[in-house]
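Results of the structural survey
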Amino acid sequence: MKLYEKEGEYNFMRKQNLFISYLLIGLGVYFLIKQLDLALFRPFFGWSTIVAIVGIAFLLHSYTTKEKQNIFIGVILLGLGIHFHGLQNYSFWYNHWSIYTLIIGIAYLIRFFYTKKGLILSIVLITISIIMIFSISLPEWFQGIYGIIDFIETFWPVILIAIGIYFIRKK
């Protein structure tokens, strides 16, 4: 009697086991380094590193199994892990909401390279992020954007709700 009745079921289980394997290896290395208390890696002991490790596991799983749907979440988790690590450890790290849209825009861009979906959204998000990051030093003729920025910063949760409703109603 076979453990798996169909070849497809075996491949599915093997692919799932690969993700768990990558995750366990990453977490094992993290906790081993933490247990050995290596001074070089002390700044990396924190929850942000674990978030980055989960993101790396998703990316490795996507690349080795050729299932590209996990690239997006992998890039987002890796980006968030790097960002939160930077906030915790570096005084010069930029802390603004536009970093999150930049991370999402980069995730869409990397996903586009593999799936050919999401290019326009990635360009829009990255452009908005870059404008917002450098908005402190905008030229005089571009100062009118501050009213729009204030509006967005006040009502961005409403924008998220509207986008969520749009995706629910979209077929």
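Each value, and the rule that gives it
- Residues numbered from 1 in each chain as written.
- Predicted model: local features only at pLDDT ≥ 70, side-chain atom pairs only at ≥ 80, totals over all residues.
- Heavy atoms only, no water.
- Helix = DSSP H or I, 4+ residues; strand = E, 2+ residues; numbered from the N terminus.
- Buried < 20%, exposed > 50% of the residue type's maximum accessible area, 1.4 Å probe, protein only.
- Contact = heavy atoms within 4.5 Å.
- Areas by Shrake-Rupley, 256 points an atom, 1.4 Å probe, with all protein chains shown as cover.
- Phe/Tyr/Trp six-rings, centres within 6.5 Å; stacked < 30°, edge-to-face > 60°.
- Axes fitted to C-alpha atoms, helices over the stretch in contact; angles between N-to-C directions.
- Left-handed = near helix turned anticlockwise from the far one by under 90°.
- Nonpolar A, V, L, I, M, F, W, Y, C, P; charged D, E, K, R; others polar.
- Expected span 1.5 Å × (residues − 1).
- Salt bridge = Lys/Arg side-chain N within 4 Å of Asp/Glu carboxyl O.
- Patch = residues over 30% accessible without salt bridge, like charges linked within 9 Å, V, L, I, M, F, W, Y side chains within 5 Å.

Let us look at the overall build of the protein. Across its full length, the protein holds six helices and zero strands. Along the protein, from the amino end to the carboxyl end, the secondary structure elements read α-α-α-α-α-α. Expressed as a percentage of its 171 residues, the buried residues of the protein come to 29%. The contacts of the protein with a sequence gap of at least 6 include a subset with a gap of at least 24, amounting to 48%. For the protein, the accessible area works out to roughly 11900 Å², and carbon and sulfur atoms hold 72% of it.

Once that is clear, we can look at the environment of Tyr108. For Tyr108, the location among the structural elements is in helix H4 (residues 98-115). Between the alpha carbons of Tyr108 and Ile123 there is a distance of 8.7 Å; along the sequence they are 15 residues apart. Tyr108 has contacts with Phe72, Lys117, Gly118, Leu121, Ser122 and Leu125, leaving out every residue within four places of it along the chain.

Aromatic rings considered in pairs are described by the distance between their centres and by the relative angle of their planes. Inspection of the entire model under this criterion finds 12 aromatic pairs. Both rings, one in Phe19 and one in Phe58, keep their centres 4.6 Å apart while their planes meet at 40°; by these two values the pair is tilted. Residue Phe19 is located in helix H1 (residues 7-36), and its partner Phe58 is located in helix H2 (residues 47-65); the two are separated by 39 residues in the primary sequence. Phe58 matches Phe19 in its accessibility class, with the two residues each being buried. Look at Tyr90 and Trp93: their rings are 6.3 Å apart centre to centre, the planes differ by 35°, and that puts the pair in the tilted class. Through a chain of ring-to-ring contacts, three or more aromatic side chains come together here, namely Tyr30, Phe31 and Phe45.

Before going further, it helps to examine the packing of helix H3 (residues 71-89) against H4. The interhelical angle for the contact between H3 and H4, taken along N-to-C directions, is 145°, at an axis separation of 9 Å. Along this stretch, H3 crosses H4, giving a crossing that reads as right-handed. Two secondary-structure elements touch here, H3 through Ile71, Phe72, Val75, Ile76, Gly79, Leu80, His83 and Phe84 and H4 through Ile99, Tyr100, Ile103, Ile104, Ile106, Ala107, Tyr108, Ile110, Arg111 and Tyr114. By residue class, the composition of the contact of H3 with H4 is 15 nonpolar, two polar and one charged.

A few words on H2. Working note: α-helix, 3.6 residues per turn, so residues spaced by three or four point in the same direction. The terminal C-alpha atoms of H2, which comprises 19 residues, lie 27 Å apart, in line with the 27 Å expected from a rise of 1.5 Å per residue. Regarding H2, the residues found buried are Ser48, Thr49, Ala52, Ile53, Gly55, Ala57, Phe58, Leu59, His61, Ser62 and Thr65. Looking one or two residues past H2, Lys66 carries a phi angle of roughly 65°, positive in sign.

Attention now moves to the pattern of salt bridges. In a structure, side chains of opposite charge can pair up when their charged atoms sit close to one another. Counted according to the given criterion, the structure contains one salt bridge. Of the charged contacts in the structure, one is a salt bridge between Asp37 and Arg42, with a shortest N-O distance of 3.2 Å. Taking relative accessible area as the criterion, Arg42 reaches 43% and is therefore assigned partly exposed.

A cluster of nonpolar side chains, contributed by Leu32, Leu36, Leu38, Leu40, Phe41 and Phe44, occupies part of the molecular surface with about 570 Å² of accessible area. Within the element layout of this structure, Leu36 appears in helix H1.

Another point: H3. If you check H3, its first and last C-alpha atoms are 27 Å apart, about what 19 residues at 1.5 Å a residue would give, namely 27 Å. Those residues of H3 not exposed but buried are Ile71, Phe72, Gly74, Val75, Ile76, Leu77, Gly79, Gly81, His83, His85 and Gly86. On its buried face, H3 is in contact with H2 and H4.

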